[in-house]
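Examining the three-dimensional arrangement
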Amino acid sequence: MNYVYDILLNFQEYAYDFFEWNIDDEITHIRKIPMFRISKENVDILNHYQCQVPESFFKKIENKSEEFTKRTVEKIPYLFLVTDTKRVLACMLNEKGIVVKKSQLLVDEEVEALIMSKKLPYSNLDIKKMKKKKRKEFETRNDQMLKKRLKQEIYKLSQQNIEKLKYLYYECFDEVETNSKKIIHKFYKELNYHYQQISKKLLNGLDLLKVNY
């Protein structure tokens, strides 16, 4: 088995580019981790879908990865890297072999791993594609976090001050609506499908209502 040593990983639901890592993210300092060379298509599938790997594979990598902790080194049950010699993706599995978290690498550490990857034998990993992750590629991580916070604020207004919610709706859409369920539905729909346009109006409206972000 081939290993990569001494790298930093940021495990999230999506494998964010290093420049989207937040200062308060929990970074894992990996002592060693196995790496496998697979097809470009399979790297794409692992990156964009919820996937499951066969039991024979996740038993093969069981406890092969290790992380540095404050006082010692601990094993990570199901963790591995995949590469198509152009990029590297870290995948963490649960006990059923389903990928639950992912991470990209820091640029300099990925470059070193890619140099090594060209010497790796090809592995035919049988990946079961389950469902596609719904992250929109044109949205940054900050966009996604702000979208979540805006939805929370809309729901909070619907519970605490329906008049402010109606005012916010009028400011954003220039029309009157009194049904709170319809208002929430419209806001959520616009945030999901027209985020760039509605988010600016929402922020301006919330600012007028003195809601601080």
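Our structure is the block above this text.
Residues numbered from 1 in each chain as written. Predicted model: local features only at pLDDT ≥ 70, side-chain atom pairs only at ≥ 80, totals over all residues. Heavy atoms only, no water.

**Brief notes about the overall build of the chain**
Each helix and strand counted, the chain has 7 helices and 9 strands in total. Against the globule reference of 17 Å for 213 residues, the chain gives a C-alpha radius of gyration of 22 Å, more extended than a compact globule. Considering only C-alpha atoms, the chain reaches an extent of 65 × 35 × 30 Å along its principal axes. A burial count over the chain gives 45% of its 213 residues as buried. Within the chain, contacts between residues separated by at least 24 positions form 69% of all contacts whose residues are at least 6 apart in sequence. Counting only carbon and sulfur atoms, one obtains 48% of the accessible surface of the chain, whose full area is about 12,900 Å². (Helix = DSSP H or I, 4+ residues; strand = E, 2+ residues; numbered from the N terminus. Rg over C-alpha atoms; globule rule 2.2 N^0.38 Å. Buried < 20%, exposed > 50% of the residue type's maximum accessible area, 1.4 Å probe, protein only. Contact = heavy atoms within 4.5 Å. Areas by Shrake-Rupley, 256 points an atom, 1.4 Å probe, with all protein chains shown as cover.)

**Digging into the environment of His 48**
Looking at where His 48 falls in the secondary structure, it is placed in helix α1 (residues 40–48). Between the alpha carbons of His 48 and Glu 139 there is a distance of 15 Å; along the sequence they are 91 residues apart.

**Re the environment of Glu 41**
Mapped onto the elements of the fold, Glu 41 is located in helix α1. Of the residues examined, Glu 41 reaches a relative accessible area of 52% and is grouped as exposed. Measuring from C-alpha to C-alpha, the distance between Glu 41 and Leu 168 comes to 45 Å, with 127 residues separating the pair along the chain.

**Overview of the packing of aromatic side chains**
Per the counting criterion, the structure on display carries 10 aromatic pairs. Ring centres 5.7 Å apart and planes at 75° place the aromatic pair Phe 18 and Phe 19 in the edge-to-face group. Summarising the aromatic geometry, the rings of Tyr 169 and Phe 173 are spaced 4.8 Å apart at their centres and angled 55° between planes, so their arrangement reads as tilted. Taken together, the positions of Tyr 169 and Phe 173, both in helix α5 (residues 162–173) and 4 residues apart, correspond to about one turn of that helix. Look at Tyr 169 and you get buried, because its relative accessible area is 3%. Members of the aromatic cluster, each reached through a chain of ring pairs, are Phe 36, Phe 57 and Phe 80. Between Lys 129 and the ring centre of Tyr 49, over which it is positioned, the NZ or CZ distance is 4.6 Å. Cation over ring: Lys 186 sits above Phe 173, and NZ or CZ is 4.2 Å from the ring centre. (Phe/Tyr/Trp six-rings, centres within 6.5 Å; stacked < 30°, edge-to-face > 60°. Lys NZ or Arg CZ within 6 Å of the ring centre and 35° of its normal.)

**Thoughts on a nonpolar patch on the surface**
On the surface, Phe 18, Phe 19, Val 107, Val 111 and Ile 115 cluster together to form a nonpolar patch covering roughly 500 Å² of accessible area. Relative to the assigned elements, Ile 115 resides in helix α3 (residues 107–117). Judged by its relative accessible area of 56%, Ile 115 falls in the exposed class. (Patch = residues over 30% accessible without salt bridge, like charges linked within 9 Å, V, L, I, M, F, W, Y side chains within 5 Å. Salt bridge = Lys/Arg side-chain N within 4 Å of Asp/Glu carboxyl O.)

**Describing the packing of helix α4 (residues 141–160) against α5**
Contact pair α4 / α5: the axes reach a minimum separation of 6 Å and the direction vectors enclose 135°. Our classification of the angle between α4 and α5 gives oblique. Taken together, the residues of α5 that come into contact with α4 (itself represented by Ile 154, Leu 157, Ser 158 and Gln 160) are Ile 162, Lys 164, Leu 165 and Leu 168. Each residue belonging to the contact of α4 with α5 can be placed in one class, and the counts come to 5 nonpolar, 2 polar and 1 charged. (Axes fitted to C-alpha atoms, helices over the stretch in contact; angles between N-to-C directions. Parallel < 35°, antiparallel > 145°, perpendicular 65-115°, else oblique. Nonpolar A, V, L, I, M, F, W, Y, C, P; charged D, E, K, R; others polar.)

**Concerning unusual backbone geometry**
Residues apart from glycine generally show negative phi values, whereas peptide bonds are mostly found in trans. Positive phi, close to 60°, is recorded for Asn 63, a residue that is not glycine. The backbone of Thr 85 sits at a positive phi, close to 75°, despite the residue not being glycine. Looking at the element boundaries, Thr 85 is found in the loop between β6 (79–83) and β7 (88–93).

**A short note on the state of the cysteines**
All chains considered together, the criterion is met by 0 disulfides. As a non-bridged cysteine, Cys 51 has Cys 91 as the owner of its nearest cysteine sulfur, 7.8 Å distant. (Disulfide = S-S within 2.5 Å.)

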